[in-house]
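Spelled out from the first residue to the last, the chains are:
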Amino acid sequence: EVAEKLPEQVELPMPEMIPWRIVGELYSSYILVEQGEDAFLIDKHAAHERLLYNKLKQEGVTEVQALLSPVSVTLSREEHRAVLDNLELLKNNGFEVEEFGTVSVLVRAVPACLVNNDVMFLMCDIAANLVKFGKAETDILDDLYHNIACRSAVKGGNQQSDTELEEFARKILSDNSIMYCPHGRPVAFELKRGELEKQFGRTK
C-alpha cells in the first residue's frame, strides 16, 4: 500500500513591519511616533525600565563598580539578618556587602548602572524586601531586578539623543510582549487616526 504523499510545506513570508517615524518628544518624557494609521505615545522611563528588566532576567548583572568609599548602612535587626542570609545572592548580582557591627552592613560595590544612586537608601530598600520575601529566591531576584531596572532607567524630563529615542521606539514597536513596565504601568498608549479625527469632528 502506497502511503499518501503529504503536501509540500511552504514557508510563508512574515509580513513586513509598517514603517514608522518619530514625530517628536513631549515634555521630555514621551516619544510621539507615527506608524501608518496609528500613533503611539511611548513613556521613556517605563519603556527603558522594561527593556532593562528583560535584559537582567536574561543575562543578570554583568558589570560591577567598586565604590570609592564604602558606605555603612544601619538596618533593623530583622533586615540585618536577612541581608547576611543573602550575601551570596547579592554578590552574584553585583552587590558586595559585608557585616559591619550588630545591625549595620558595609557596601563596597554595586551594579555599575547604580553607581550614581543613593547607596544607603538603595540598600535599605533591598533589605526591607529581603525580609518581605523571606527565602523565596525567585521572588527576591525578581524584586531585585525590578529595583535595579527602575533606578537605572532614564527619568522623565531628561534629554536623550535622537539615536536613543529611535532605539526605544524600535524595540517597543517591534515586540508586542513589551506592553507594561515591571510595575504594571503601560509602556505605550495607542491612538487610532479615526479616534483622533472623531475628536475634531472630521468623521462622518
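Residues numbered from 1 in each chain as written. Predicted model: local features only at pLDDT ≥ 70, side-chain atom pairs only at ≥ 80, totals over all residues. Heavy atoms only, no water.

What follows concerns the sheet that holds strand β3 (residues 38–43). Strand order in the open sheet formed by four strands is β1-β2-β3-β7, and the pairing between neighbours is antiparallel. The open sheet has two edge strands with one neighbour each: β1 (20–26) and β7 (188–192). Here the strands of the sheet are splayed against their neighbours by 20° on average, with no regard to which way each runs. The strands touched by helix α6 (residues 162–173) are β1, β2 (30–35), β3 and β7; relative to β1, the strand with the most contacts, the crossing angle is about 120°. (Pairing = 2+ DSSP bridges. Helix = DSSP H or I, 4+ residues; strand = E, 2+ residues; numbered from the N terminus. Axes fitted to C-alpha atoms, helices over the stretch in contact; angles between N-to-C directions. Contact = heavy atoms within 4.5 Å.)

Let's shift gears to the environment of C150. Mapped onto the fold, C150 is located in helix α5 (residues 137–152). For C150, a relative accessible area of 23% gives the class partly exposed. Sequence separation between C150 and E49 is 101 residues; the distance between their C-alpha atoms is 5.4 Å. The residues contacting C150, other than those within four sequence positions of it, are H45, E49, K155 and H183. (Buried < 20%, exposed > 50% of the residue type's maximum accessible area, 1.4 Å probe, protein only.)

Moving on, we come to the sheet that holds strand β5 (residues 96–99). One open sheet accounts for three strands, arranged β4-β6-β5; its pairing is antiparallel. Two strands close off the open sheet at either side, each with one partner strand: β4 (64–74) and β5. Within this sheet the neighbouring strands show an average axis-to-axis angle of 15°, counted without direction. Two strands pair when backbone bridges link them, and β4 and strand β6 (residues 104–111) are joined in this way by seven bridges, in the antiparallel orientation. Considered in β6, the bridge of V64 is made with P111. Its contacts with the sheet put helix α2 (residues 77–85) on β5 and β6, and the angle it makes with β6 is roughly 45°.

Another point: the packing of helix α1 (residues 44–59) against α5. At a minimum axis distance of 8 Å, the contact between α1 and α5 shows a crossing angle of 140°. Classed by the angle they form, the pair α1 and α5 counts as oblique. Pair α1 / α5 crosses with right-handed handedness. From α1, H45, H48, E49, L52, Y53, L56 and K57 reach across to α5, where they touch D142, Y145, H146, I148, A149, C150 and S152. When the residues that make up the contact of α1 with α5 are grouped by side-chain class, the tally is seven nonpolar, four polar and three charged. (Parallel < 35°, antiparallel > 145°, perpendicular 65-115°, else oblique. Left-handed = near helix turned anticlockwise from the far one by under 90°. Nonpolar A, V, L, I, M, F, W, Y, C, P; charged D, E, K, R; others polar.)

Moving on, we get to unusual backbone geometry. At Y27, a residue that is not glycine, the phi angle is positive and equals roughly 55°. Along the chain, the position of Y27 falls in the loop between β1 and β2. Residues other than glycine seldom take positive phi values, yet S28 does so here, at roughly 55°. Structurally, the position occupied by S28 is in the loop between β1 and β2. The class for S28 is buried, based on a relative accessible area of 16%.

Let's shift gears to the pairing of β5. Bridge analysis of β5 against β6 gives four bridges, and the strand direction is antiparallel. Each bridged residue has a counterpart across the sheet, and for E96 the counterpart in β6 is A109. In sequence, β5 turns back onto β6 through a hairpin of four residues, with G101 there showing a positive phi of about 95°.

With respect to the helices and strands, N86 occurs in the loop between α2 and α3 (87–92). Owing to a relative accessible area of 13%, N86 belongs among the buried residues under this scheme. Ignoring any residue separated from it by four or fewer positions in sequence, one finds N86 in contact with L130 and I140.

Here V33 is to be found in strand β2. For V33, a relative accessible area of 0% corresponds to the buried category. Separated by 140 residues in the primary sequence, V33 and L173 place their C-alpha atoms 9.5 Å from one another. Setting aside chain neighbours within four positions, we find V33 in contact with W20, R21, I22, V23, D38, A39, F40, I42, A169 and L173.

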